[in-house]
Amino acid sequence: MSERNYRAAIIGTGAIAHAHAQAIQETKGRVSLVAVADVDAGRAAEFAATYGGAARAYGSAEELLRAEELDLAHLCTPPQTHAPLAHACLEAGVTALIEKPPTLSLAEFDALAEAERRTGARVATVLQHRFGPGAVRLRRMADAGDLGRPLLATCVTQWYRDEAYYAVPWRGTWESEGGGPTMGHGIHQFDLLLSVLGPWREITAMAARQARAVDTEDVSMALVTFENGALATVVNSVVSPRQTSGLRFDYEHATVEVEHLYGYTDDDWTVTPAPGHEDVQALWDKDRSEEASGHAGWLAAVLDALDQDRPPPVGTADTRRTMEFIAALYASAFTGERVRSGQITADSPFARRMDGTGAPWRNA
């Protein structure tokens, strides 16, 4: 595989942008950070000096895209800006690497996928937990049949975000974030769940606003059936003082589980073989890694795909399955009905907005 050097920009220099800049540095020359943009021009200049050396700083994405010849644009801005910025990147022939959530609605995402088809440029979503060595090994062993049939899974994101966190103007509203912890926090864990178990069939869910003075939910729960017959529970919360992120997969031959917070290593995974299947532990252990899940592993996978002229991982097809899952969770929670995959069509209110016909509580 021949490697090329990619010219990249980072648009938005808030907290998550630092993870992107560090991931670029870890590519060891495969990517050059050539430009940075932020509505705070001073912050953009400081960020460029810290990470980009000679990178140029701009006060707007539009100015940057007009001035620079780019291969990649890392979109690290608030959620409501993701879709318009991604469209601008595609029109400029630039691959858009979008932080989660990629859009505010399923309809918005479908429009973005159509723009990708029309322009020939690429879109990929930053869902980095798929690319840690433990997740890669789990999918490989599951696909090889080493674990037997998947039976049951649990997926938990129990985080804590106080009122000060929601003092940021764009947080906690349907119009600016698209949803609560289902949309912006738990997405990492249940996207990994979906990447392991494959297509989901139907979902029954609940959502509530338990404690935070926001318009969106602060807790959601779901029961999910997968096409392969596996059953799963999914919990998303921002009101849990003891924070944890966890996934547990019960297969015929072993239980495989991980508990972490914002990223995992192999030390965070455990395997419990079923009686008579002790060989599963040896298979799991034979290629242990010191690497952590994170943006560096995700970016390396993106570059490998682009080097081979393949669509980048977590592209529009994969991301749509996760976005449809979110829309279906909200639809089930707010209507009290079970929702099947494919049921949310373009004319559904839950395609246009994640809160669909409206949350069953008054806005804050």
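This is a predicted model, so every value here is computed, not measured. (Residues numbered from 1 in each chain as written. Predicted model: local features only at pLDDT ≥ 70, side-chain atom pairs only at ≥ 80, totals over all residues. Heavy atoms only, no water.)

The helix and strand inventory of the chain stands at twelve helices and 14 strands. Against the compact-globule benchmark of 21 Å for 364 residues, the chain has a radius of gyration of 20 Å, which places it among compact chains. A burial count over the chain gives 56% of its 364 residues as buried. For the chain, contacts bridging at least 24 residues in sequence account for 70% of all contacts bridging at least 6. Of the charged side chains in the chain, 33 are positive and 49 negative, and the gap between their average positions amounts to 2 Å. (Helix = DSSP H or I, 4+ residues; strand = E, 2+ residues; numbered from the N terminus. Rg over C-alpha atoms; globule rule 2.2 N^0.38 Å. Buried < 20%, exposed > 50% of the residue type's maximum accessible area, 1.4 Å probe, protein only. Contact = heavy atoms within 4.5 Å. Lys, Arg positive; Asp, Glu negative; His and termini not counted. Charge placed at Lys NZ, Arg CZ, Asp CG, Glu CD.)

The grouping of Leu151, Leu152 and Leu231 at the surface amounts to a nonpolar patch, some 240 Å² of accessible area in total. Counting through the fold element by element, Leu151 comes out in strand β7 (residues 150-160). Since its relative accessible area comes to 36%, Leu151 is described here as partly exposed. (Patch = residues over 30% accessible without salt bridge, like charges linked within 9 Å, V, L, I, M, F, W, Y side chains within 5 Å. Areas by Shrake-Rupley, 256 points an atom, 1.4 Å probe, with all protein chains shown as cover. Salt bridge = Lys/Arg side-chain N within 4 Å of Asp/Glu carboxyl O.)

We now examine helix α10 (residues 295-307). Along its 13 residues, α10 runs 18 Å from first to last C-alpha, staying within 8% of the 18 Å computed at 1.5 Å per residue. Residues of α10 that are buried in the fold lie against β1 (6-11), α1 (15-26), β2 (31-37), β4 (72-75), β5 (95-99) and β6 (123-126). Just beyond α10, the residue with positive phi is Asp309, at close to 55 degrees. (Expected span 1.5 Å × (residues − 1).)

Packing of α1 against α10 brings their axes to within 8 Å, and their N-to-C directions diverge by 55 degrees. Considered as vectors, α1 and α10 are oriented oblique to each other. Handedness of the α1/α10 crossing: right-handed. Only His295, Ala296, Trp298 and Leu299 of α10 make contact with α1, whose side of the interface consists of Ile16, Ala19, His20, Ala23, Ile24 and Glu26. (Axes fitted to C-alpha atoms, helices over the stretch in contact; angles between N-to-C directions. Parallel < 35°, antiparallel > 145°, perpendicular 65-115°, else oblique. Left-handed = near helix turned anticlockwise from the far one by under 90°.)

Below, the discussion takes up the sheet that holds strand β12 (residues 254-260). Pairing within the open sheet is mixed, and its eight strands lie in the order β13-β12-β11-β7-β10-β9-β8-β14. Of all the strands in the sheet, the pair left with one neighbour each is β13 (269-273) and β14 (339-340). As judged from the nine bridges shared by β7 and strand β11 (residues 239-251), these two strands associate in the antiparallel manner. Considered in β11, the bridge of Thr154 is made with Arg248. Here helix α8 (residues 187-197) sits on the sheet in contact with β7, β8 (200-208), β9 (219-226), β10 (231-237), β11 and β12, set at roughly 0 degrees to β11. (Pairing = 2+ DSSP bridges.)

Let us now look at the pattern of salt bridges. A side chain with one charge can pair with a side chain of the opposite charge if their charged atoms come near. As enumerated under the stated definition, the model contains 23 salt bridges in all. Across the pair Arg118 and Glu91 runs a salt bridge whose closest N-O atoms are separated by 2.4 Å. Note that Arg118 is positioned in helix α5 (residues 106-119) and Glu91 in helix α4 (residues 82-91), a separation of 27 residues in sequence. For Arg118, a relative accessible area of 52% gives the class exposed. Taking the shortest distance from any N to any O, the salt bridge between Arg130 and Asp318 comes out at 2.9 Å. A residue pair is termed long-range when its members are at least 10 positions apart, and Arg130 in the loop between β6 and α6 (133-144) and Asp318 in helix α11 (residues 316-335) qualify at 188 residues. Classification of Arg130 as buried rests on a relative accessible area of 6%. Each of Arg137, Arg140, Asp266 and Asp287 takes part in one network of salt bridges that share partners.

Right, let's talk about the confidence of the model for the chain for a bit. A residue-level look at the chain finds 99% of positions with pLDDT of 70 or above and a mean pLDDT of 97. By mean pLDDT, the top-scoring element of the chain is β10 (99), and the lowest-scoring one is helix α2 (residues 41-51) (96). (pLDDT = per-residue confidence, 0-100.)

This model, assessed by the stated rule, comprises twelve aromatic pairs. Connected via pairs of aromatic rings, a cluster forms that spans Trp174, Tyr330, Phe334 and Trp361. Stacked on the ring of Trp284, the Lys or Arg Arg137 has its end atom at 4.6 Å from the ring centre. Lying over the aromatic face of Tyr160, Arg212 brings its terminal NZ or CZ to 5.1 Å of the ring centre. (Phe/Tyr/Trp six-rings, centres within 6.5 Å; stacked < 30°, edge-to-face > 60°. Lys NZ or Arg CZ within 6 Å of the ring centre and 35° of its normal.)

Next up on the list: the packing of α8 against α11. Where α8 contacts α11, the two axes come as close as 10 Å, and the packing angle between them is 120 degrees. Put simply, α8 runs oblique to α11. In the crossing of α8 with α11, the sense of the turn from one axis to the other is right-handed. Along the contact surface, α8 presents Ile187, Phe190, Asp191, Leu194 and Ser195, while α11 presents Arg321, Thr322, Phe325 and Ile326. Split by residue class, the contact of α8 with α11 holds five nonpolar, two polar and two charged. (Nonpolar A, V, L, I, M, F, W, Y, C, P; charged D, E, K, R; others polar.)

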